Amino acid sequence: MIDLLFCGNSYVFDGVLTALLSILKRSKEDTYRVHIFTMNLTRVKENYTPISSDCIAYLEKMMKEYNTENQVLCHDVTELYERELGHSPNEGCYCSPYTLLRLLLDLVPGIDSDKILYLDCDIMFNRDIHLLYDYDISEVEYAASSDHYGKYLIHPGYINAGVLLFNLKKCRETELFSKARDLICKKKLVFADQSAIIRSTTKRLHLPQRFNDQKFLHKHTVVRHFSKRLFYLPYPHTDNIKQWHVEKVHRIFHYHQFDDIYEDYLTRKKEGFHYE
């Protein structure tokens, strides 16, 4: 069984749906247990509402089309977040406080596996998930790839936390998550939970860039991460094109490798599930 983790609010549905479809369509058959951490944080922003039970039910229905043993489990961690991370200096971080939820992995009931793959909601698999998930991480806390810009601007070994293969057994032993939560609560960090994880790490496995490619899509790319990136033409600027922005993916990136996934995704949206 492969355990996956996504974190987010009511607006992550399109990301999780396309990510899961890419896994199912690019990987050999397996059983998946998908965990989604969500919360109500409307005290910070009115649109910080939890992902709905209807969305969770739809995702599980879709997963079971491929394997009836697949599961999608929603964990409302509002109370846990408020107790452990609420009102921290990083609550208004550059992305959203929902990225902080993965730091609760050691505290959420029902997470009983020793290995779990955390994924940002803006990723697509281009090749089989087993190429990543089957890595031996028995001696490290997690495996991760370089941050495309951070490896030039910060440090050659600086990692991107959008794709993290966690050894939960080792993380519990080293108290990685509790150390990271402590940092989040005490100090404003430039990259919030990503910085906290890196500073709390005892030992990690550095993966090739193809397991979290934030700028390019090569034939050997396993995970394409649609994070904000820099464009030089027609003038230097940044844009945050996500995989569910299908028209932009075609027009600006000229990607057609995911068209079979998009056909399924757009059909499902036409049938009634549409979230922006």
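The rules we used
Residues numbered from 1 in each chain as written. Predicted model: local features only at pLDDT ≥ 70, side-chain atom pairs only at ≥ 80, totals over all residues. Heavy atoms only, no water. Helix = DSSP H or I, 4+ residues; strand = E, 2+ residues; numbered from the N terminus. Polar contact = N/O pair within 3.5 Å; in protein donor to acceptor, adjacent residues only side chain to side chain. Contact = heavy atoms within 4.5 Å. Axes fitted to C-alpha atoms, helices over the stretch in contact; angles between N-to-C directions. Parallel < 35°, antiparallel > 145°, perpendicular 65-115°, else oblique. Nonpolar A, V, L, I, M, F, W, Y, C, P; charged D, E, K, R; others polar. Expected span 1.5 Å × (residues − 1). Buried < 20%, exposed > 50% of the residue type's maximum accessible area, 1.4 Å probe, protein only. Salt bridge = Lys/Arg side-chain N within 4 Å of Asp/Glu carboxyl O. Core = buried A, V, L, I, M, F, W, Y, C linked by side-chain atoms within 4.5 Å. Pairing = 2+ DSSP bridges.

## Some details on the side chain of S145
Tracing the sequence through the fold places S145 in strand β6 (residues 142-145). In this structure the side chain of S145 is engaged in a polar contact, spanning 2.9 Å, whose partner is the backbone oxygen of P208. When residues no more than four places from it in sequence are discounted, the contact partners of S145 are I159, N160, H206, L207, P208, Q209, F211 and N212.

## Brief notes about the packing of helix α1 (residues 13-26) against helix α2 (residues 53-66)
Two elements in contact, α1 and α2, have axes whose closest approach is 11 Å; the angle formed by their N-to-C orientations is 10 degrees. Taken together, α1 and α2 sit at an angle that is classed as roughly parallel. Within the contact between the two elements, α1 uses F13, V16, L17, L20, L21, L24 and K25 and α2 uses C55, Y58, L59, M62, M63 and Y66. Residue composition of the contact of α1 with α2, grouped by class: twelve nonpolar, no polar and one charged.

## Digging into α1
Taking 1.5 Å as the rise per residue, α1 with 14 residues should run 20 Å; its terminal C-alpha atoms sit 20 Å apart, in good agreement. For α1, the tally of buried residues reaches twelve of 14 residues, placing the bulk of the element in the interior. Three or more residues of α1 are buried, namely F13, D14, G15, V16, L17, T18, A19, L20, L21, S22, I23 and L24.

## Remarks on helix α8 (residues 192-200)
Structural remark: α-helix, 3.6 residues per turn; residues separated by three or four positions point the same way. Among the nine residues that make up α8, seven are buried, leaving the element largely enclosed by the rest of the structure. Every buried residue of α8 is listed here: A192, D193, Q194, S195, A196, I197 and S200. In the core, the buried residues of α8 are packed alongside β6, β7 (163-167) and α7 (176-186).

## Notes on the pattern of salt bridges
Tallied over the full model, the rule gives 18 salt bridges. For K186, the salt bridge is made with D182, and the minimal N-O distance between the two is 3.2 Å. With K186 and D182 both in helix α7, this residue pair falls four residues apart, about one helical turn. D182 sits in the partly exposed class, given a relative accessible area of 37%. One salt-bridge network, in which partners are shared between bridges, spans K25, K61, E65, D264 and R268.

## Quick look at the nonpolar core
For soluble globular proteins, the rule of thumb is that nonpolar side chains tend to be buried together. Formed by 53 residues in total, the largest nonpolar core has its most connected members in L4, L20, L117 and F125. Ranked by residue count, the leading element in this core is α1, at eight residues. Here L117 is in contact with D3, L4, L5, F125, I129, L132, Y133, V163, L164 and L165, once residues within four sequence places are set aside. Of all hydrophobic cores here, the second largest spans 37 residues; its members include L105, A161, L168 and A192.

## Some details on the sheet that holds β7
Whether parallel or antiparallel, the strands of a sheet pair through hydrogen bonds between backbone atoms. Taken in spatial order, the seven strands make up an open sheet running β3-β2-β1-β4-β7-β6-β8, and their pairing is mixed. Looking at which strands have only one partner, the edges of the open sheet turn out to be β3 (71-76) and β8 (204-207). Here the strands of the sheet are splayed against their neighbours by 25 degrees on average, with no regard to which way each runs. Along the sheet, α1 contacts β1 (2-7), β2 (32-38) and β4 (115-119); its crossing angle with β1, the most-contacted strand, is approximately 160 degrees.

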